[in-house]
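# Observations on the three-dimensional arrangement
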Number of protein chains: 2
Amino acid sequence: MAAPPGRMPVMADVARAAGVSHQTVSRVLNGHPNVRAETQARVLAAIDELGYRPNSSARALVTRRTGVIGVVAVDTAHYGPARTLTGIEHAARAAGYYLSVVTLTEASAGQVREAMDHLARQSVEGYVVIAPQRSVLEGMPEWAGGSPVVAVEGGEARELPVVCVDQEGGARMAVRHLLELGHRTVGHIAGPRDWLEAESRVAGWRGALEEAGAPVGEPLFGDWRPRSGYELVRSLVERDALPTALFVANDQMAVGALRALAEAGVRVPEDVSVVGFDDVPEAAYYSPPLTTVAQDFTEVGRRGIGILLDLLDSGEPAAESAAREVVPARMVVRASCGAPAR
Amino acid sequence: MAAPPGRMPVMADVARAAGVSHQTVSRVLNGHPNVRAETQARVLAAIDELGYRPNSSARALVTRRTGVIGVVAVDTAHYGPARTLTGIEHAARAAGYYLSVVTLTEASAGQVREAMDHLARQSVEGYVVIAPQRSVLEGMPEWAGGSPVVAVEGGEARELPVVCVDQEGGARMAVRHLLELGHRTVGHIAGPRDWLEAESRVAGWRGALEEAGAPVGEPLFGDWRPRSGYELVRSLVERDALPTALFVANDQMAVGALRALAEAGVRVPEDVSVVGFDDVPEAAYYSPPLTTVAQDFTEVGRRGIGILLDLLDSGEPAAESAAREVVPARMVVRASCGAPAR
DNA sequence: GGAGACATTGTTAGCGCTAACATTCCCCCC
DNA sequence: GGGGGGAATGTTAGCGCTAACAATGTCTCC
């Protein structure tokens, strides 16, 4: 009746302790109807007493469901992906799923493929890929081997269900805000070329300018890091090509931009207005506090899991449905923008 | 010989295709010696042709090893934990392990316990806990149910193997740096009271001051967020209690502090010197660029997995060994510090 | 040429669980 | 009072894999 010698208790031990068959224990564990309340209580007491834990491998073997979702995350050291991961994790856990995470140092197709391979060996039931690069999304459905895949922050990939923030809308809001303040046009420090988010932000910037009949210059492409924002703005200053307003594709590059402007003796917002993107927690405390576009990363993660679970439940073989959910962006106005000098 | 109808191929299908027994297939898969090269080639060809993948649940059921490591992470949205997670993930994957991650919104004992429970249901082989709070570490070994646990960034927990950055040493370096510049003493904006890292940084700060015979004031306790740095420094300014040098326990609060100083018309570094902690990527581009203490989070993650794998290999039942590894911190000098005004 | 050693392969028996079917028991109603 | 029906439980047969042992074949050396 006590704990068995040495080894962990198994279902049969519980059954013996409770004086029932192992199948009845299984029924209690899985919440089947047609178990007498008194029997159930006895089984639960035995489980508790022995400290029994069901063996997940044995269950997975027979049910053919591991309850594990694979997550491929590009660079969780950045604010956005890290928050998205948190959203995904909470939603998955709330639904009773486990999360197996692979992080990539570099968003190459090869690394993504290898990551998905790794996850496949663990028999994940589906994938969530935080993969904001075009090149990464292309081979995706094929690598998943028929399991459902949801891309998160993946722009408008056609073959895949996708959840993303309305990057283009957010960029439009930012640029409109600057135009409304009276700026003749707005320069753009963009993210890297291959990134879908960067592309959408460029499109929003361009769209808002064209809509207003404002001149559209060439965007400058950075790499998301503060250093590139710094260097690109420095080059603008040196070429004497600084516009009165700058839309920078993320807050990190915006910090670099602010720094370059400060070093050049350019005042923000008196001489140049700056808008960022992301609304990192520090943004309110930069010098000056940064006007930016906030994204609800947690919501993005939650919806990604929502779509994936729907796909798993419906037994949809792959990306047939191609759901696409767009989470709105939100403008956060702070002190880094003003009317242009006369 | 072709793929079996409908279902995924299993080992027996491969065996049939290759004209061997399923056991020989198993031997090839597990790299056993004593398989003829020609046989191995035939098996591999069959595996490839059928697109066979071993079933991880079946293997785990018989080997009693899932190959999964559970990670409990507190707030991966912060820079440090996110980077540490990346380090852990890479090290684990390189060793052939899978990572199951749970993130907590709040570092309460209850949440940690629940997280470890969740992971236990998945039969993880061991745990890595990124848990920098004292309260969280106390019940840990018990919750792990005999599986090995390694605490990462967990200060000097006694009952647990631990990997951490030399917080105290880092803090000492920061304070010494300021004293060497000629400051009579150094004020401290600390992290939350319950956090071990915060405690160690306070200890380092206090130690360096006492060593130099400098007066030791009361540290002010923030919550790691920019806002608290801002408000605490504002309160110092209002009480006219601003020292000539400030050691702020993390870069985020330091940004808030810089902002408060700027608003009060206090120049950095001319009037007040500031040192942060973490060396976030933006630190070099703050106004002014922030002198800070860098931590090698990736290395911390790697060593955490290293210890855990040793524990798993040695079959050590629990935290008997109580290894403790300390990763040195590194001072990064930028423009936010200078000699005090006469 | 035969004994022994060793390399190579096959056979069998579970790992701990759930699904499917079988059995028992009890109650109700004609 | 017997038969039908459903609730409650038990029995059996795998899920796909590896470990242990058994059975070959092959080589060496005296």
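Only a predicted model underlies this, so the values are computations on that prediction, with no experimental measurement involved. (Residues numbered from 1 in each chain as written. Chains lettered and ligands numbered in written order. Predicted model: local features only at pLDDT ≥ 70, side-chain atom pairs only at ≥ 80, totals over all residues. Heavy atoms only, no water.)

### Topic: the overall build of chain A
Applicable threshold: The numbering of helices and of strands both runs from the N terminus, where a helix is a DSSP run of H or I of at least 4 residues and a strand a run of E of at least 2. Atoms counted for the radius of gyration: C-alpha only. Globule rule: 2.2 Å times residue count to the power 0.38. Each residue is placed in one exposure class: buried if its accessible area under a 1.4 Å probe, protein chains only, is under 20% of its type's maximum, exposed if it is over 50%, and partly exposed if it falls in between. The contact definition used throughout considers only heavy atoms, calling two residues in contact when any of these lie within 4.5 Å. Here the Shrake-Rupley method, with its probe set to 1.4 Å, supplies the accessible areas, and only the displayed protein chains count as covering residues. Positive charges come from Lys and Arg, negative ones from Asp and Glu, while His and the chain ends are left out of the count. Where a charge sits is defined by one atom per residue type, namely NZ (Lys), CZ (Arg), CG (Asp) or CD (Glu).
In terms of regular secondary structure, chain A is built from 13 helices and 12 strands. Taking 342 residues into account, the globule formula puts the C-alpha radius of gyration at 20 Å, and chain A, at 26 Å, lies well above it. Expressed along its principal axes, the backbone C-alpha trace of chain A runs to roughly 90 × 40 × 35 Å. The buried share among the 342 residues of chain A stands at 57%. Considering only contacts within chain A whose residues lie at least 6 apart along the sequence, 71% involve residues at least 24 apart. Accessible surface, chain A as shown: approximately 14200 Å² in total, 49% of it carbon and sulfur. Counting 33 positive and 42 negative side-chain charges, chain A places the averaged centre of each group 4 Å from the other.

### Observations concerning the protein's contact with DNA strand D
Selection criterion: Distances are taken per atom, and a residue is near a molecule or strand as soon as one of its heavy atoms is within 4 Å of it. Side-chain atoms alone can form a polar contact between residues adjacent in sequence; in general such a contact is a pair of N or O atoms within 3.5 Å, and within protein one must be able to donate a hydrogen while the other accepts it.
Around DNA strand D, a shell composed of 27 residues is seen, among which A:Ser21, A:Thr39, B:Met11, B:Gln23 and B:Tyr52 lie nearest. The sugar-phosphate share of atoms of DNA strand D within 4 Å of the protein amounts to 62%. A distance of 3.0 Å separates a phosphate oxygen of DNA strand D from a polar side-chain atom of B:Asn30. Secondary structure elements with two or more residues in the surface near DNA strand D: helix 2 (22-29) and helix 4 (56-63) of chain A together with helix 2 (22-29) and helix 4 (56-63) of chain B. For the surface near DNA strand D, the element with the highest residue contribution is helix 4 of chain B, accounting for 5 residues.

### Some details on the nonpolar core
Keep this limit in mind: Nonpolar core, defined: a set of buried Ala, Val, Leu, Ile, Met, Phe, Trp, Tyr and Cys residues in which side-chain atoms within 4.5 Å join the residues together.
Grouped together as the largest cluster of nonpolar side chains are 85 residues, with contacts concentrated most on A:Val186, A:Phe247, B:Val186 and B:Phe247. With 7 residues, helix 13 (residues 297-314) of chain A is the single largest residue contributor to this core.

### Some points on the sheet that holds strand 9 (residues 273-275) of chain A
Residue and element names in this part refer to chain A. Here is the rule: We call two strands paired when DSSP finds no fewer than two bridges between them. Think of each axis as a best-fit line through the C-alpha atoms, taken over the contacting stretch in the case of a helix, with angles from 0 to 180 degrees between the N-to-C directions.
Spatial ordering of the open sheet is given by 7-6-8-9, a layout of 4 strands whose pairing is parallel. Looking at the sheet topology across the chains shown, the edges are occupied by strand 7 (220-221) and strand 9. Inspection of the sheet shows strand 6 (residues 187-190) paired to strand 7 by 2 bridges, in the parallel sense. Looking at the pairing, Ile189 lines up with Leu220 of strand 7. In this fold helix 10 (residues 196-211) packs onto strand 6 and strand 8 (245-248), with an angle of close to 175 degrees to the strand it touches most, strand 6.

### Considerations on empty space enclosed by the protein
Here is the rule we go by: Two kinds of site are reported from a 1 Å grid over the protein atoms alone, namely cavities, where a 1.4 Å probe fits but cannot get out, and pockets, open sets with protein on both sides within 12 Å along at least five of seven lines, and residues are called lining when an atom falls within 4 Å of a point. Grid points are joined across faces, edges and corners, and a volume is the space filled by probe spheres set on the points. Under the scheme applied here, ten amino acids are nonpolar (Ala, Val, Leu, Ile, Met, Phe, Trp, Tyr, Cys and Pro), four are charged (Asp, Glu, Lys and Arg), and all others, including Gly, are polar.
Scanning the model with the defined rule gives 3 cavities of 30 Å³ or more in all. Each pocket or cavity is described by its volume, and for the second largest cavity that value is around 90 Å³. In terms of lining residues, the second largest cavity is bounded by A:Val255, A:Leu258, A:Arg259, A:Tyr285, A:Tyr286, A:Ser287, B:Val255, B:Leu258, B:Arg259, B:Tyr285, B:Tyr286 and B:Ser287. Going through the elements one at a time, helix 12 (251-263) of chain A together with helix 12 (251-263) of chain B are the ones with two or more residues in the lining of the second largest cavity. In the lining of the second largest cavity, the residues fall into 8 nonpolar, 2 polar and 2 charged.

### A word on the relation of the copies chain B and chain A
What counts is decided by this rule: Superposing the copies works by least squares over the C-alpha atoms of residues that have pLDDT at least 70 in both of them.
Structural alignment of chain B on chain A gives an RMSD of 0.1 Å, achieved by rotating through 180 degrees and translating 0.0 Å along the axis. Here the symmetry operator amounts to a two-fold rotation axis. Looking at the interface residues of chain B, 100% of them are also at the interface in chain A, so both copies use one shared face.

### Details of the interface of chain B and chain A
Our working definition: Buried area counts how much accessible surface, traced with a 1.4 Å probe, disappears from two parts once they are put together, with both parts' losses summed. Here, a salt bridge means any side-chain nitrogen of Lys or Arg that lies within 4 Å of a carboxyl oxygen of Asp or Glu.
Of the residues lining the interface, 49 residues belong to chain B; the matching set on chain A comes to 49 residues. Of the roughly 4500 Å² buried at the junction of chain B and chain A (both faces included), carbon and sulfur atoms supply 55%. Among the residues of chain B in contact with chain A, B:Arg93, B:Tyr98 and B:Tyr285 are the three that bury the most area, contributing 16% of the side total. Between the two partners, chain B and chain A, sit 3 salt bridges. Our count for the contact surface shared by chain B and chain A stands at 20 residue pairs in polar contact (both at pLDDT 80 or more). Contributions of two or more residues to the side of chain B that touches chain A are made by helix 4, helix 5 (79-94), strand 2 (98-104), helix 6 (109-121), helix 11 (226-238) and helix 12 of chain B. Per element, the largest residue contribution to the side of chain B that touches chain A is 8 residues, and it comes from helix 5 of chain B. Classifying every residue of the side of chain B that touches chain A gives 23 nonpolar, 16 polar and 10 charged.

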